[in-house]
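Coordinate inspection notes
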Amino acid sequence: MNVINLKNRTVGSQYVATEILKQVISKPNAVLGLATGNTMIEVYKTLAALLNVNQIDLSNVVTFNLDEYVGLSAEHNQSYRVYMNAHLFNHNQTWNNKNIYLPVGDAPNIELESELYEQRLGEIGSADIQILGIGENGHIGFNEPYSSFESVTRVVDLTPSTINANSQHFENIEDVPKQAISMGLSSIMKAKRIILLAFGKNKQQAIKALLEGEVSEALPASILHKHPNVEVIIDDEIFTSLIEDGTL
Ligand code: F6R
């Protein structure tokens, strides 16, 4: 696991966007594992601009997202489908809707939808690059603490910490869905290359726990220690705190 301090969100986002750009230039049918959340907003803004500037044909690029809220339709303004369209897919004309995968949060049978999603991931093959944010409780995707390292795509219950963190996007905390369909930890680990990004004070504890190195289901992100190709991109604020407390 390589830990890289890229100073701030802007430089970190530029790095990840550039790595994705290079990937789709070198492999026009690249498979990208995508995430949502605040961390990714600047990544997608930069990526969308770079893709346009380079006039990249994205029609053969395949993307799949980590998760979607249960109960929200693809049109709901807080669905991750709407987020992806707003931040990335609407900005380039050549994305091919047939190659864009997100779980369907309002599928009539969400267990079946989860199974089919995992099946589709298997058919598509492993991601060339999987990008990840991290929850304050160490979740990746919506694999909350004590998720099995063997887990695959399934319906998960969100913890109060995650519901609280995500309530900033909803009018009332009661409106935050209590469940999501999330790729599992073993599904995420299939990626060839993983880049995890964390910026700002509220991610310090999760990154500290991750870098302390104990591999435990109590900290879902710690499974990444078992992966051969992981970069953890942090900013100066996190880096300095890790130096000060002796983690690094
Ligand atoms: C989102 C996802 C989550 C987020 C994490 C961090 O698709 O899977 O794991 O990456 O909750 O969210 P932000 O970036 O909003 O702090």
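On a predicted model such as this, the values are computed, not experimentally measured, just so you know. (Residues numbered from 1 in each chain as written. Predicted model: local features only at pLDDT ≥ 70, side-chain atom pairs only at ≥ 80, totals over all residues. Heavy atoms only, no water.)

**Observations regarding the overall build of the protein**
- Within the protein, the secondary structure is distributed over eight helices and ten strands.
- A compact globule built from 248 residues should have a C-alpha radius of gyration of about 18 Å, and the protein, at 17 Å, falls within 12% of that.
- Considered along the principal axes of its C-alpha atoms, the protein spans approximately 50 × 40 × 35 Å.
- Out of the 248 residues in the protein, the part that is buried amounts to 53%.
- Of all intrachain contacts in the protein linking residues separated by at least 6 positions in sequence, the fraction that spans at least 24 positions is 80%.
- In the structure as shown, the protein presents an accessible area of about 10,900 Å², 49% of it carried by carbon and sulfur atoms.
- For the protein, the distance from the average site of its 17 positive side-chain charges to the average site of its 29 negative ones is 7 Å. (Helix = DSSP H or I, 4+ residues; strand = E, 2+ residues; numbered from the N terminus. Rg over C-alpha atoms; globule rule 2.2 N^0.38 Å. Buried < 20%, exposed > 50% of the residue type's maximum accessible area, 1.4 Å probe, protein only. Contact = heavy atoms within 4.5 Å. Areas by Shrake-Rupley, 256 points an atom, 1.4 Å probe, with all protein chains shown as cover. Lys, Arg positive; Asp, Glu negative; His and termini not counted. Charge placed at Lys NZ, Arg CZ, Asp CG, Glu CD.)

**Overview of the packing of aromatic side chains**
- For the structure on display, the rule yields seven aromatic pairs.
- Where Tyr 44 meets Tyr 83, the ring centres are 6.3 Å apart and the plane angle is 80 degrees; that geometry is what we call edge-to-face. Placement of the pair is Tyr 44 in helix 2 (residues 38-53) and Tyr 83 in helix 3 (residues 80-87), with a sequence separation of 39 residues.
- Take Tyr 83: its relative accessible area is 11%, and that puts it in the buried class.
- Ring geometry for Tyr 80 against Phe 142: centres 6.2 Å apart, planes inclined by 20 degrees, an arrangement best described as stacked. Separated by 62 residues along the polypeptide, Tyr 80 in helix 3 and Phe 142 in the loop between strand 6 (129-132) and strand 7 (154-157) bring together distant segments of the chain. (Phe/Tyr/Trp six-rings, centres within 6.5 Å; stacked < 30°, edge-to-face > 60°.)

**Describing the site of the ligand**
- Around the ligand, the neighbouring residues are Ala 35, Thr 36, Gly 37, Asn 38, Thr 39, Leu 66, Asp 67, Gly 133, Ile 134, His 139, Gly 141 and Lys 203.
- Taking Lys 203, its side chain carries an N or O atom lying 2.6 Å from an oxygen atom of the ligand.
- Expressed as a share of its isolated accessible area of 410 Å², the protein-covered part of the ligand is 91%.
- Split into classes, the residues belonging to the shell around the ligand amount to three nonpolar, seven polar and two charged. (Near = heavy atom within 4 Å. Polar contact = N/O pair within 3.5 Å; in protein donor to acceptor, adjacent residues only side chain to side chain. Nonpolar A, V, L, I, M, F, W, Y, C, P; charged D, E, K, R; others polar.)

**Side note on the sheet that holds strand 6**
- Pairing is parallel in the open sheet, where seven strands are placed in the order 1-10-9-6-2-3-5. Only two strands of the sheet have a single neighbouring strand rather than two, namely strand 1 (2-5) and strand 5 (100-101).
- As paired strands, strand 3 (residues 62-65) and strand 5 are joined by two bridges and run parallel to one another. The partner of Phe 64 across the bridge, within strand 5, is Tyr 101.
- Its contacts with the sheet put helix 4 (residues 110-124) on strand 2 (31-34), strand 3 and strand 5, and the angle it makes with strand 3 is roughly 150 degrees. (Pairing = 2+ DSSP bridges. Axes fitted to C-alpha atoms, helices over the stretch in contact; angles between N-to-C directions.)

**Looking at the pairing of strand 10 (residues 230-234)**
- Extensive coverage of strand 10 is indicated by the burial of five of its five residues.
- Every second residue of strand 10 is oriented toward a common face, with Val 230, Val 232 and Ile 234 on one face and Glu 231 and Ile 233 on the other, all of them buried.
- With four bridges joining them, strand 1 and strand 10 adopt parallel strand pairing. Within the sheet, the bridge partner assigned to Asn 5 lies in strand 10 and is Ile 234.

**Brief notes about the packing of helix 1 (residues 9-26) against helix 2**
- One can describe the packing of helix 1 onto helix 2 by two numbers: an axis separation of 8 Å at closest approach and a directional angle of 50 degrees. Compared by their axis directions, helix 1 and helix 2 come out oblique. When you trace helix 1 past helix 2, the crossing you get is right-handed. Contacts between helix 1 and helix 2 pair Arg 9, Thr 10, Ser 13, Gln 14, Val 16, Ala 17, Thr 18, Ile 20, Leu 21 and Val 24 from the former with Asn 38, Thr 39, Glu 42, Val 43, Thr 46, Leu 47, Leu 50 and Leu 51 from the latter.
- Its residues placed into classes, the contact of helix 1 with helix 2 shows nine nonpolar, seven polar and two charged. (Parallel < 35°, antiparallel > 145°, perpendicular 65-115°, else oblique. Left-handed = near helix turned anticlockwise from the far one by under 90°.)

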